[in-house]
Amino acid sequence: MKFIDTLTKYTSYITALIMALLVVLVVYDATLRYLFSQGSTALQELQWHFFDVVILLSIAYTLKHNAHVRVDIFYDNFSEKTQHLVNIFAYIFFILPFAFLIIYISLDFVVMSFAQHESSSDPGGLPYRWIVKSLIPLSFGLLVLQAFKELVSHVQKWRAL
């Protein structure tokens, strides 16, 4: 289980680096566009791809740190044991099935993109669009690992109460 947390931690470091690069890229692109009246389709698409990386690779990290969106109207008033039970139910019936569904659907999506050598339809755009699309099953695979780890943790805590 420690391996999963370590993997999520190092993935978050990569995400933080990409976010820093994204900030630099946006400043550079905006400077070129507004001060020198020069724009680049490739730079704009690279910004979108970096943003995709940040969002997709942050999903498991968000789950690990319990920073995901949840309606806490009733949850906060539940006992600790009931909260663990709600979390167990959520992992088994919502998070894991949804993540497996996304992985299953996105694999064909990535394979088709790779087989077609998909690239940007815009002149001057980026090639190899399958690379960014391959982050979809990868990120949800990381989510499955983290959700499994959290599920086991909640089951252990629930049993201990």
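Residues numbered from 1 in each chain as written. Predicted model: local features only at pLDDT ≥ 70, side-chain atom pairs only at ≥ 80, totals over all residues. Heavy atoms only, no water.

Re unusual backbone geometry
In this structure, H117 takes a positive phi of about 50 degrees despite not being glycine. Looking at H117, the relative accessible area reads 65%, which means it is exposed. Even without glycine at this site, Y128 takes up a positive phi of about 55 degrees. (Buried < 20%, exposed > 50% of the residue type's maximum accessible area, 1.4 Å probe, protein only.)

Describing the layout of surface pockets
What the largest pocket holds in volume is close to 260 Å³. Residue lining of the largest pocket: 18 residues in total, with N66, H68, R70, N87 and Y91 positioned closest to the centre. Of all the elements in the fold, those that place two or more residues in the lining of the largest pocket are α3 (59-64), α4 (80-115) and α6 (135-160). Per-element tally for the lining of the largest pocket: the top contributor is α4, with nine residues. Here the lining of the largest pocket is composed, by residue class, of eight nonpolar, six polar and four charged. Roughly 170 Å³ of volume is contained in the second largest pocket. Contributing to the lining of the second largest pocket are I59, T62, L63, H68, I95, F98, F140 and L143. Those elements giving two or more residues to the lining of the second largest pocket turn out to be α3, α4 and α6. Element by element, the count of residues in the lining of the second largest pocket is highest for α3, at three residues. (1 Å grid on protein atoms, 1.4 Å probe; cavity = no way out; pocket = protein on both sides within 12 Å on 5 of 7 lines; lining within 4 Å. Points joined across faces, edges and corners; volume = space filled by probe spheres on them. Helix = DSSP H or I, 4+ residues; strand = E, 2+ residues; numbered from the N terminus. Nonpolar A, V, L, I, M, F, W, Y, C, P; charged D, E, K, R; others polar.)

Side note on the packing of aromatic side chains
Applying the stated criterion across every chain, the model contains five aromatic pairs. Residues Y10 and Y13 carry aromatic rings whose centres are separated by 5.4 Å and whose planes lie at 80 degrees to one another, so their mutual orientation is edge-to-face. Separated by three residues within a single helix, Y10 and Y13 lie in helix α1 (residues 2-36), roughly one turn from each other. Consider the rings of F89 and F94, whose centres lie 5.8 Å apart with planes at 70 degrees: the pair is edge-to-face. (Phe/Tyr/Trp six-rings, centres within 6.5 Å; stacked < 30°, edge-to-face > 60°.)

Regarding the pattern of salt bridges
Pairs can form between side chains of opposite charge once their charged atoms are near each other. One pass over the full model with this rule turns up four salt bridges. Between K149 and D5 there is a salt bridge, and its shortest N-O distance comes to 3.2 Å. Of this pair, K149 sits in helix α6 while D5 sits in helix α1, and the two are 144 residues apart along the sequence. Put simply, K149 and E150 hold a salt bridge, and the shortest N to O gap is 3.6 Å. Of the two residues examined, K149 and E150, each falls in the buried class. (Salt bridge = Lys/Arg side-chain N within 4 Å of Asp/Glu carboxyl O.)

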